[in-house]
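Listed here are the chains, written in short residue letters.
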Amino acid sequence: MNPLSLTLSRGIARVTGAALGPYQSAVIRIGFAATWLLFLLREFPHRRELYGPSGPWGWQLAKQLTADNHAFSALLWSDGRPWFEGFYVLAILASAALLAGWRTRTASVLFMVGVLSLQNRSVFMGDGGDNVLHLMSFYLLFTRCGQVWSLDARRAARNEAARARGERVRADRVGPVLWAVLGLGLATVTLTGRFDNGWLIPALLWTVWAVLGLWGLLERRAAASEPRVLLDVVANVLHNGALFVIMAEACLIYATAGWYKIQGSRWQDGTAVYYPLHLQYFSPWPGLGDLLTASGTIMMLVTYGTVMVQVAFPFTLFNRRVKNVLLVLMMTEHAVIAVVLGLPFFSLAMIAADAVFLPTSFLRRVGGAAARARGRFARRGGPAVPAPRSAQDSTPGRVGAA
């Protein structure tokens, strides 16, 4: 076998044999779920004005807009207040479930439905961070993001430990019940003609529902059967492809932002950062803004540094050390934006997108430190519950399944 064929075969085996980046996919799952959950909780008192019947963007206006652009929003199935209140609570619960990694595959579907429905209901309420969250909620649906740092992974590790001891593992009852309830709801929505703005979302939801049912059936009958192995291979390919798309999306965001900045006269003369710090809308701490803009040299360095980091970042992915340095700079920049400009959720969304490039060794150390801290806390309050330390502690076929 020639070197090219050998390299190609190794690449195919790597892409199909395992879901790569388990820690990176877990951290972006946690990051985007936490961002959306915190946003929904903060805006809970104002939910009706933002997305509900009391908002300036009325239900009829939203209905007309989605009829033209074919955007999906479950909030447009009814203009009643009970439906809106119930759906808002469901979006909160789905975000919390995805954050904890409970029934990750099903939670990721409900998370996507919640994000798309609320954002498409009132399209003028978002910013750049909402656009990133909008896209990532769709991409996360194709990832196996519950391999580590999730309740699914812990449940799988417990089951494997029980099998190793020769104990009988109880059959999962929550998954089939949840699958049946969601199937009934999906059938009701379809038969009543609610999916009237396009075929993509209903086709996607039905496909995911059917695959989850087939997955659960094969898991109960024969874990090592050929159809089950084929499903694992397809899931690995989809996961690795989605993870690549997420990385490419983050690079595209920074590249386009940097090159557009270069064309602006204020970015060319080094004063672009000065002006947002003195806008009343983006000045939660006016004194802090005045302090940062007191030095023209600092403003110039920050302005030029922002452009250089954004333009250079996609080209540094093949140099680990330089990439990690720029990654720290970008995350620090977003943290400063969150505090100084009062844009916490935009910054959290961008930091979550940046986290896909974090080194595995660093994420493992962070996970180990968190596990040790949890262990010390558990010893104070009661017996500690063991958790999987890596993706190898979980059975790939069971992690993330509904």
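Residues numbered from 1 in each chain as written. Predicted model: local features only at pLDDT ≥ 70, side-chain atom pairs only at ≥ 80, totals over all residues. Heavy atoms only, no water.

**Thoughts on the overall build of the protein**
Along its length, the protein carries 17 helices and zero strands. Over its C-alpha trace the protein gives a radius of gyration of 23 Å, about what one expects of a compact globule, namely 21 Å for 402 residues. Dimensions of the protein along its principal axes, counting C-alpha atoms only, are 70 × 55 × 55 Å. Scored against the burial criterion, the 402 residues of the protein give a buried share of 42%. Across the protein, every contact between residues at least 6 apart in sequence was considered, and the portion connecting residues at least 24 apart equals 76%. Accessible area for the protein stands at about 21,600 Å²; split by element, carbon and sulfur atoms hold 67% of it. Computed over 38 positive and 21 negative side-chain charges, the inter-centroid distance for the protein is 12 Å. (Helix = DSSP H or I, 4+ residues; strand = E, 2+ residues; numbered from the N terminus. Rg over C-alpha atoms; globule rule 2.2 N^0.38 Å. Buried < 20%, exposed > 50% of the residue type's maximum accessible area, 1.4 Å probe, protein only. Contact = heavy atoms within 4.5 Å. Areas by Shrake-Rupley, 256 points an atom, 1.4 Å probe, with all protein chains shown as cover. Lys, Arg positive; Asp, Glu negative; His and termini not counted. Charge placed at Lys NZ, Arg CZ, Asp CG, Glu CD.)

**Side note on empty space enclosed by the protein**
Take a probe with the size of a water molecule and roll it over the atoms, and the empty space left behind shows itself. Evaluated as defined, the whole model comprises one cavity of 30 Å³ or more. Taken together, Y51, G52, P53, W59, L75, S78, D79, G80, R81, W83, F84 and R121 make up the full set of residues lining the largest cavity. The element contributing the most residues to the lining of the largest cavity is helix α5 (residues 81–100), with three residues. (1 Å grid on protein atoms, 1.4 Å probe; cavity = no way out; pocket = protein on both sides within 12 Å on 5 of 7 lines; lining within 4 Å. Points joined across faces, edges and corners; volume = space filled by probe spheres on them.)

**What to know about the packing of helix α7 (residues 128–140) against helix α11 (residues 226–262)**
Axis separation between α7 and α11 bottoms out at 10 Å; the angle between their running directions is 165 degrees. As the angle between them shows, α7 and α11 are arranged roughly antiparallel. Handedness of the crossing formed by α7 with α11: right-handed. Within the contact between the two elements, α7 uses V132, L135, M136 and Y139 and α11 uses A242, V245, I246, E249 and I253. Partitioned by chemical class, the residues of the contact of α7 with α11 number eight nonpolar, no polar and one charged. (Axes fitted to C-alpha atoms, helices over the stretch in contact; angles between N-to-C directions. Parallel < 35°, antiparallel > 145°, perpendicular 65-115°, else oblique. Left-handed = near helix turned anticlockwise from the far one by under 90°. Nonpolar A, V, L, I, M, F, W, Y, C, P; charged D, E, K, R; others polar.)

**Re a positive patch on the surface**
A cluster of like positive charges, contributed by R168, R170, R173 and R220, occupies part of the molecular surface. Structurally, R220 can be placed in helix α10 (residues 200–221). R220 gets classed as exposed once you look at its relative accessible area, which sits at 51%. (Patch = residues over 30% accessible without salt bridge, like charges linked within 9 Å, V, L, I, M, F, W, Y side chains within 5 Å. Salt bridge = Lys/Arg side-chain N within 4 Å of Asp/Glu carboxyl O.)

**Some thoughts on the packing of aromatic side chains**
Inspection of the entire model under this criterion finds 19 aromatic pairs. Seen in terms of ring centroids, F39 and F345 are 5.4 Å apart; in terms of plane orientation they differ by 85 degrees. Their pairing is edge-to-face. Residue F39 is found in helix α2 (residues 22–42), and its partner F345 is found in helix α16 (residues 344–354); the two are separated by 306 residues along the sequence. With respect to class, F39 is no different from F345; both count as buried. Arranged with centres 5.9 Å apart and planes meeting at 45 degrees, the rings of W83 and F87 form a pair that is tilted. Remark: F87 and W83 occur in helix α5; sequence separation between them is four residues, near one turn of the helix. Ring pairs connect the aromatic residues F72, W77, W83, F87 and F195, which therefore count as one cluster. (Phe/Tyr/Trp six-rings, centres within 6.5 Å; stacked < 30°, edge-to-face > 60°.)

**Some thoughts on helix α9 (residues 174–191)**
Over its 18 residues, α9 extends 26 Å from the first C-alpha to the last, a length consistent with the 26 Å expected when each residue adds 1.5 Å. All of the buried residues in α9 are G175, G183, L186 and V189. Relative to the axis of α9, the buried residues are bounded by an arc of 125 degrees and lie together on one face. Residues of α9 that are exposed and angled more than 90 degrees away from the buried face: V177, V181, L184 and L191. Just past α9, the residue G193 takes up positive phi, approximately 75 degrees. (Expected span 1.5 Å × (residues − 1). Arc of directions from axis to C-beta.)

**Details of the UniProt feature "transmembrane region" (unreviewed entry) in the protein**
Feature annotation in UniProt places "transmembrane region" (unreviewed entry) on residues 83–102, 174–193, 199–218, 230–257, 291–313 and 325–353, given in this structure's numbering. The distance separating the terminal C-alpha atoms of residues 174–193 is 29 Å; by composition the span is 90% helix and 0% strand. As annotated, residues 199–218 has a helix share of 95% and a strand share of 0%, and its two end C-alpha atoms lie 28 Å apart. (UniProt positions renumbered as here; feature names shortened; annotations may be inferred.)

**A few points about the environment of T303**
In this structure, T303 sits in helix α14 (residues 296–312). Classification of T303 as buried rests on a relative accessible area of 0%. When the C-alpha atoms of T303 and H239 are compared, they prove to be 37 Å apart, with 64 residues separating the residues in sequence.

**Let's talk about the side chain of S25**
Looking at where S25 falls in the secondary structure, it is placed in helix α2. Judged by its relative accessible area of 0%, S25 is buried. Separated by 3.0 Å, the side chain of S25 and the backbone oxygen of P22 make a polar contact. Residues within four places of S25 in sequence aside, it is in contact with R144, C145, Q147, H239 and L243. (Polar contact = N/O pair within 3.5 Å; in protein donor to acceptor, adjacent residues only side chain to side chain.)

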